[in-house]
Amino acid sequence: MIECIITSSVLILAVIVLRFLFRSKISYRLQYALWGLVLIRLLLPFPLLKSPFSIMNIIMKGLPISELHISTISTGIGNTAVNVVNPAILRDAASVYYAESANTTLNLIWLVGIIVVGSWICGTNLLFYRRLYKTRSAYDAADFMLPVYVSGYIASPCLFGIFRPGVYLTPKATEKENSISYVLTHELCHYRHGDHIWSILRGICLAAYWWNPLVWAAAILSRIDSELACDESVIKQIGEENRLDYGHTLVDMITVKKAPSGILYAATTMVSGKRGIKERLNMIIKKPKTFISTMVIVLLIAAVCVGGTFTGARAESISVEETLNQLAASAYHTEDEVSFEIPQSYGNPENWNIYIVGRIKSDGFSAICNLFEDINKSKTWEPGKRYSISLDNSYTELTLTAYLPGENGKMMKRTVDLLNTPAFSVSYSLAKLKNGQVQSDFFKLSGDKAKLTEDLIFDYMIKSAAWPSNIDMKTLNECYLIRETYPDGTSTDYYTYLLDGKSVMQIGYNGYYSIIDDGLYKKFVEMAKSI
């Protein structure tokens, strides 16, 4: 999904730039059609294929990648490999653990946002339809292919509806016969362009990507371009000699009453605000010339953008031995579970043969069980996915044996004793500082105290905003130093204190700080004072 977010954002920026550079030099219908590429990319949560031309190749190279490395030694029993752990692995395992926890939290926030914004959009349109339904009356438009109504509720003629769309006129629009003709032609062009469907899809994208300002910008600009494209189509249909009359009709439709032109509405609108009307009148009056050569250039640039954003990063080719090493190195355990990750960099996940065998002892008897058997038989191991095994059962043995075909066709094998993988275990100790001086020995935290401290650090780590610390610790009357110690003896220090009445935490003495949850901080301070 991250890939979709990055590529769609780049595509939106590209279309905005094209729109700015080639405005009035290409057909407005082509300008509007460019937003169709953005819509399709936003609705595709995955790349169409892997390509060396994807922009993700450039982006992935720029990202810092923390790889887990493992050394293997022979035990003299077949090709069994035993983990020899580098201390850095433990810190990397901690990073993975925190990253996965943060990812779960962010996904939950994203889902809640989708529900809230989606409900807002649906509610807005249901209320709009209800008021239209109550105030509308049928209008006899001879030989018109859509039902036509008159409603005093709306300030601008519009097309509204999904399965049975109808044209809604204002009482003012029915006063002049000429105006009625132009208005109906305008809304019919919207219908032929499929704008009543596009508006629904636009709302879906806004709900799904509610947090992305580029998607909101794309929705606003695409709505403006839909009106320009519609005006262009109307003029082509009514003839050049009627351009100015059509422009006068647009001006006549302007009222002080607010029209349903917001991007949350699934209705088209003939009037789109003073700024929008000014731009449309300029197009009608000036009659900008378009050039085939410019159109070809725009189409070529658009094709390049599609090739770079509809595709994903090409997987780097690594050796089978390194792939098996990465799989073995990814395994670690906590108190409750043991997990491993299928290497993302291996390009043929269907080649994996992974057998996980456990021996469970219960009531004096032992039984052998095979785990993830269905996934292995169906060859559906997912690259980059972490698989977990609960340690609720009393496993006396738990091994993972992986096979991949080597370059010479011979099967290569790695076996990992999952019960002897690196443990994700850190300890926390606490000291109080006053005016930069430690006031007591470090107190080792355990149980609920350690869990509260871990929650506080986790809250700091998931904050997106961080600022350089210009705070002199010697000026703080109250500050708490949390020391996170890894099994290899290395440690990380976190400082937490009140800054202008806000709870903050920073990493290191001169590190960046973020505002943290006040409730968690208060609980932490109460716990610290009780020690």
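The present account deals with the structure reproduced in this document. (Residues numbered from 1 in each chain as written. Predicted model: local features only at pLDDT ≥ 70, side-chain atom pairs only at ≥ 80, totals over all residues. Heavy atoms only, no water.)

1. A word on the overall build of the chain
Part 1: The helix and strand tally for the chain stands at 14 helices and 23 strands.
Part 2: Residue burial in the chain is summarised as follows: out of 531 residues, 45% are buried.
Part 3: When the accessible surface of the chain is summed, it comes to about 28200 Å², and 58% of that surface belongs to carbon and sulfur atoms. (Helix = DSSP H or I, 4+ residues; strand = E, 2+ residues; numbered from the N terminus. Buried < 20%, exposed > 50% of the residue type's maximum accessible area, 1.4 Å probe, protein only. Areas by Shrake-Rupley, 256 points an atom, 1.4 Å probe, with all protein chains shown as cover.)

2. Quick notes on the sheet that holds strand β14 (residues 395-405)
Two pairing modes exist for strands in a sheet, parallel and antiparallel, and in both the strands are linked by backbone hydrogen bonds.
Part 1: Strands sit in the order β12-β11-β14-β15 across an open sheet of four strands; the sheet is antiparallel. The sheet is open, and its two borders are formed by β12 (365-371) and β15 (411-417), each paired with just one other strand. Here the average twist between neighbouring strands, direction ignored, is 15 degrees.
Part 2: Helix α11 (residues 320-329) contacts β11 (353-362), β14 and β15 of the sheet and is inclined by roughly 15 degrees relative to β15. (Pairing = 2+ DSSP bridges. Axes fitted to C-alpha atoms, helices over the stretch in contact; angles between N-to-C directions. Contact = heavy atoms within 4.5 Å.)

3. Notes on the sheet that holds strand β9 (residues 332-333)
Part 1: One open sheet holds the three strands; their spatial order is β9-β10-β13, and the pairing between them is antiparallel. With partners counted over all chains shown, the strands left at the sheet margins are β9 and β13 (386-390), one partner each.
Part 2: The pairing of β9 with strand β10 (residues 337-341) spans two bridges and is antiparallel. Each residue of the ladder has a partner; that of Y332, found in β10, is S339.

4. Looking at helix α14 (residues 518-530)
Every α-helix carries 3.6 residues per turn, so stepping three or four residues along brings you back to the same face.
Part 1: With 13 residues, α14 extends 18 Å between its outermost C-alpha atoms, agreeing within 8% with the 18 Å of an ideal straight helix rising 1.5 Å per residue.
Part 2: Looking only at α14, the buried set comprises L520, Y521, F524, V525, M527 and A528. Along the axis of α14, the buried residues cluster in a sector spanning 165 degrees; they form a single face. The exposed set on the far side of α14, more than 90 degrees from its buried face, consists of K522, K523, E526, K529 and S530.
Part 3: On its buried face, α14 is in contact with β16 (427-434), β18 (443-445), α13 (447-461), β20 (479-485), β21 (491-499) and β22 (502-507).
Part 4: The opening residue of α14 is D517, an N-cap whose side-chain oxygen sits 3.0 Å from the backbone nitrogen of G519. (Expected span 1.5 Å × (residues − 1). Arc of directions from axis to C-beta. Polar contact = N/O pair within 3.5 Å; in protein donor to acceptor, adjacent residues only side chain to side chain.)

5. Let's talk about the side chain of E3
Part 1: For E3, the position within the fold is in helix α1 (residues 2-21).
Part 2: Every residue in contact with E3, bar those within four places of it in the chain, is listed here: R41, P47, K50, M56, G312 and A313.

6. Digging into the packing of α13 against α14
Part 1: Contact pair α13 / α14: the axes reach a minimum separation of 10 Å and the direction vectors enclose 145 degrees. Handedness of the crossing formed by α13 with α14: left-handed. Taking contact as the criterion, the partners of K449, L452, T453, D455, L456 and D459 in α13 are, on α14, L520, Y521, K523, F524 and M527.
Part 2: Here the residues of the contact of α13 with α14 sort into six nonpolar, one polar and four charged. (Left-handed = near helix turned anticlockwise from the far one by under 90°. Nonpolar A, V, L, I, M, F, W, Y, C, P; charged D, E, K, R; others polar.)

7. Points about the packing of helix α7 (residues 213-238) against helix α8 (residues 243-252)
The axes of two packed helices give the description: the angle between them and the distance between them.
Part 1: The interhelical angle for the contact between α7 and α8, taken along N-to-C directions, is 135 degrees, at an axis separation of 10 Å. The pairing of α7 with α8 is recorded here as oblique in orientation. In terms of crossing hand, the pair formed by α7 and α8 is right-handed. Only R243, Y246 and L250 of α8 make contact with α7, whose side of the interface consists of D231, V234, I235 and I238.
Part 2: Each residue belonging to the contact of α7 with α8 can be placed in one class, and the counts come to five nonpolar, no polar and two charged. (Parallel < 35°, antiparallel > 145°, perpendicular 65-115°, else oblique.)

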